[in-house]
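What the coordinates show
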Amino acid sequence: MAKSRRVEIENLIGFFVNTLVLRVDVSAGQQWRDAGAVKKQAIAAQQHQDIPFEQVVELVQPVRSLSHSPLFQVTLALQDAPQGKLELLDWR
C-alpha cells in the first residue's frame, strides 16, 4: 500500500491509501539476495500508484472468488509517518 499523493484530500479526516499489487516469487528456493528485484518492482509500482485498484482489477480481469482478494493474498503496510512518544496518563 502506498500513501495517497492526492493533495486535495490531505486535510480530510481518515486513512487514505492506495493498494499496490506486486508479483513476488516467495518459493522455497528464492534467495534473500534476490530481494533487490522486489525492491525494483516496488519502486516501479510507486510510479503508477495513482491508478485506482478497482481500475487495475477491471483491466486485468482475474478469475474472481469470494475466498480471497482478486489480485493479492498477502498485504504489507508501509507506514512512513513519524511516530510520536506514547504517553500514558494515570490509566489505572
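Residues numbered from 1 in each chain as written. Predicted model: local features only at pLDDT ≥ 70, side-chain atom pairs only at ≥ 80, totals over all residues. Heavy atoms only, no water.

Further remarks concern the overall build of the protein chain. Of regular secondary structure, the protein chain possesses two helices and two strands. In the protein chain, the succession of α and β elements from N to C terminus is β-β-α-α. Buried residues in the protein chain amount to 13% of all 92 residues. Within the protein chain, counting contacts between residues at least 6 apart in sequence, those at least 24 apart form 42% of the total. Carbon and sulfur atoms make up 56% of the accessible area of the protein chain, which totals about 8,900 Å². (Helix = DSSP H or I, 4+ residues; strand = E, 2+ residues; numbered from the N terminus. Buried < 20%, exposed > 50% of the residue type's maximum accessible area, 1.4 Å probe, protein only. Contact = heavy atoms within 4.5 Å. Areas by Shrake-Rupley, 256 points an atom, 1.4 Å probe, with all protein chains shown as cover.)

So, about the packing of aromatic side chains. Overall, the coordinates contain one aromatic pair when judged by the stated rule. On the basis of an interplanar angle of 65 degrees and a centroid distance of 5.8 Å, the ring pair of Phe53 and Phe72 is categorised as edge-to-face. A residue pair is termed long-range when its members are at least 10 positions apart, and Phe53 in helix α2 (residues 53-60) and Phe72 in the segment after α2 qualify at 19 residues. Looking at Phe53, the relative accessible area reads 17%, which means it is buried. With a relative accessible area of 22%, Phe72 lands in the partly exposed category. (Phe/Tyr/Trp six-rings, centres within 6.5 Å; stacked < 30°, edge-to-face > 60°.)

On to unusual backbone geometry. Negative phi is the rule for most residues except glycine; trans is the rule for most peptide bonds. Positive phi is not limited to glycine here, since Gln61 has a value of about 50 degrees. Of note, Gln61 is situated in the segment after α2. For Gln61, a relative accessible area of 66% corresponds to the exposed category.

For the protein chain, mean pLDDT is 76; residues scoring 70 or higher make up 75% of the total. When pLDDT is averaged over each helix and strand of the protein chain, the minimum, 50, is found for strand β1 (residues 2-3) and the maximum, 86, for α2. (pLDDT = per-residue confidence, 0-100.)

A few words now on the environment of Pro70. Turning to its location among the elements, Pro70 is positioned in the segment after α2. By relative accessible area, which is 19% here, Pro70 ends up buried. Spatially, the C-alpha atom of Pro70 lies 7.1 Å from that of Val57, the residues being 13 residues apart in sequence.

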